[in-house]
Amino acid sequence: ARARLESLIQQAVEHEIVTRARNLLMSLAWNCTALARPTASITLHLARSLPTAGVDKRGRIFLNADFCGALSSDELTFVLAHEILHVLFQHFGRQGDREHQRWNRATDRAINHTLQLMKLKATKCALFPLPGTPENASAEELYDLEPEDNGGGGESGPLPTAGCGVIDGDGA
């Protein structure tokens, strides 16, 4: 009985997160007309396998319920806008032969800089262009400046991994 109750509570929490995210998507589309069209085709899915959030090339946004449940509405709006911009900026088609994690960090930095200019409130995990990066650098330029992912990280510690971003392949 206890396990069933915990399962029902988890389902209710997950339903609330998806409903909240859908409402924030509608608000985002209403307040930012440039995002209205791509927002209309977005679908939301829960994915426990992701630490934060991600999007696939079909425009499906995947959300980790624990991560998203801990965010303020402003931060969740940032995450949703971030994922939409991966699709809008065609990051899947532009990746080419670039290493996926490094490309994802570069595109995250480009997107988050754009969202910062739009005055959206970033999450604590958001990556921004490295110091000394030219203003308005493209994702391709940021990729060239992005440290290679050698798994170590050296003196500064491990490189950040893909948190919010593109999902390799067709998604979860």
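Residues numbered from 1 in each chain as written. Predicted model: local features only at pLDDT ≥ 70, side-chain atom pairs only at ≥ 80, totals over all residues. Heavy atoms only, no water.

**Student:** Would you take a moment to explain the side chain of Asn112 for this structure?
**Tutor:** Within the secondary structure, Asn112 is located in helix H6 (residues 100–117). Once residues lying within four places of it in the same chain are set aside, the contact partners of Asn112 are Phe78, His82, Ala126, Leu127 and Phe128. (Helix = DSSP H or I, 4+ residues; strand = E, 2+ residues; numbered from the N terminus. Contact = heavy atoms within 4.5 Å.)

**Student:** Quick question: what am I supposed to make of the packing of aromatic side chains here?
**Tutor:** Counted according to the given criterion, the structure contains one aromatic pair. Judged by centre distance (6.2 Å) and plane angle (55°), the rings of Trp103 and Tyr143 are tilted. Placement of the pair is Trp103 in helix H6 and Tyr143 in helix H7 (residues 139–145), with a sequence separation of 40 residues. For the pair shown, Trp103 and Tyr143 are each scored as buried. Taking NZ or CZ as reference, Arg98 lies 5.6 Å from the ring centre of Tyr143, over its face. Here the basic side chain of Arg102 rests over the ring of Tyr143, its NZ or CZ set 4.2 Å away from the ring centre. (Phe/Tyr/Trp six-rings, centres within 6.5 Å; stacked < 30°, edge-to-face > 60°. Buried < 20%, exposed > 50% of the residue type's maximum accessible area, 1.4 Å probe, protein only. Lys NZ or Arg CZ within 6 Å of the ring centre and 35° of its normal.)

**Student:** Would you mind showing me how to read the pattern of salt bridges here?
**Tutor:** If you walk through the whole model with that rule in mind, you get six salt bridges. Of the charged contacts, one joins Glu140 and Arg94 as a salt bridge, the two residues approaching to 2.7 Å between their closest N and O atoms. Of this pair, Glu140 sits in helix H7 while Arg94 sits in helix H5 (residues 91–94); the two residues are 46 residues apart in sequence, bridging distant segments of the chain. Under the relative-accessibility criterion, Arg94 is labelled partly exposed at 29%. Residue Glu146 pairs with Arg105 through a salt bridge whose shortest N-O separation is 2.8 Å. Remark: Arg105 occurs in helix H6 and Glu146 occurs in the loop between H7 and strand E4 (164–166); sequence separation between them is 41 residues. The exposure classification of Glu146 matches that of Arg105, with both residues buried. Salt bridges sharing common partners tie together Arg105, Arg109 and Glu146. (Salt bridge = Lys/Arg side-chain N within 4 Å of Asp/Glu carboxyl O.)

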